[in-house]
Amino acid sequence: MTRKIFSRPFTQQEAISQEAIDAATEVLKTGRLHRYNTIEDELSQVSLLEQEYASYQGSRYCLACTSCGYALSISLKAAGLESDEYVLTNMYTLAPVPGAISNAGGRAIFVEINENLVLDLDDLAQKATSSGARFLLLSHMRGHIVDMNKLMRIVQEKNLVLIEDCAHTMGAKWEQKKSGNFGLAACFSTQTYKHLNSGEGGLITSDNAEFMARSIVLSGSYMFYERHGAAPEAEVFSDIHKSLFLLCCLCLEKKPSTQCWFSFSHYHLSKFQHSPCAL
Ligand SMILES: Cc1ncc(COP(=O)(O)O)c(C=O)c1O
């Protein structure tokens, strides 16, 4: 097999094609730039992207966000990371990755890498045991993918929740399986130096309905879920609303605040306010 060597500068993007400029201009002319700002049965450009990317990736769900760093942070929270909990992650990664762990309220435990720039699996196993961490945020740095068969054995043995940071491996595969399809979820970047260039942007993919519903809510959405292009069914969201509502009630009792009320009212309070016992 002849291997293609990438020989162009990493930090100098190709010009945007005329076709892409025309497509963007068409959207600008409508003025409907927000994902929910659609007419009749129209699907927004964001929803279309989510559908297309889910299909490309081979995943059930996809959420478009403002960046991969933001996507990582949302994913950790949606996966159930608790305050001050440990997250295993590569020693060799980019600052937004430990940044996302910190933003999500977690604490990074850095795992060594080897001469091939991928995770040292002995160190991973050892640190998973000594820390008791439940989460592994794995960056496939510079397109180098660790032996995923061995890694997944450790993930299963140590009962880890795997989130893949595929900022550098959009479209790459390990033994015919796309990077991003090994764990609970994967995050991709469309920042200007990456495989797709939207200036800034990120994508989360997953096959897990509850995880994706939580991610969508955490990304700032509080209604119109049906307008998301590759989202779970509506009932998955109503289950999540119930637990959020309960959380808001507990929170309000303890310490009523404007922020609390804001969350309260935005999580479809009206849907549940007449039957709180049903919770
Ligand atoms: C390995 C890695 N992960 C995550 C990110 C964050 O991506 P974004 O810039 O879309 O937040 C980057 C950004 O370059 C990265 O290199």
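First things first, this report covers the structure right here in the doc. (Residues numbered from 1 in each chain as written. Predicted model: local features only at pLDDT ≥ 70, side-chain atom pairs only at ≥ 80, totals over all residues.)

Let's shift gears to the overall build of the chain. Across its full length, the chain carries ten helices and nine strands. Across the 279 residues of the chain, 35% fall into the buried class. Counting only contacts in the chain whose residues sit at least 6 apart along the sequence, the fraction spanning at least 24 positions is 62%. (Helix = DSSP H or I, 4+ residues; strand = E, 2+ residues; numbered from the N terminus. Buried ≥ 20, exposed ≤ 12 C-beta atoms within 10 Å, placed from the backbone. Contact = placed C-beta atoms within 7 Å.)

Judged by pairing direction, the sheet is mixed, and its seven strands sit side by side in the order β1-β9-β8-β5-β4-β2-β3 without closing on themselves. A single partner strand is all that each edge strand has here, and the edge strands are β1 (61–65) and β3 (107–111). For this sheet the average axis-to-axis angle between neighbouring strands, irrespective of direction, equals 20°. Strand direction decides the pairing type here: strand β5 (residues 161–165) and strand β8 (residues 185–189), joined by three bridges, are parallel. Residue pairing for β8: E164 is matched across the bridge by A186. (Pairing = 2+ DSSP bridges. Axes fitted to C-alpha atoms, helices over the stretch in contact; angles between N-to-C directions.)

Moving on: the pairing of β8. Consecutive side chains along a regular strand alternate between the two faces of the sheet. A large share of β8 lies buried, amounting to five of its five residues. Neither face of β8 is left uncovered, since the one carrying A185, C187 and S189 and the one carrying A186 and F188 both have all their residues buried. Bridging between β8 and strand β9 (residues 202–206) involves five bridges; their strand directions are antiparallel. Counted as the bridge partner of A186 is T205 from β9.

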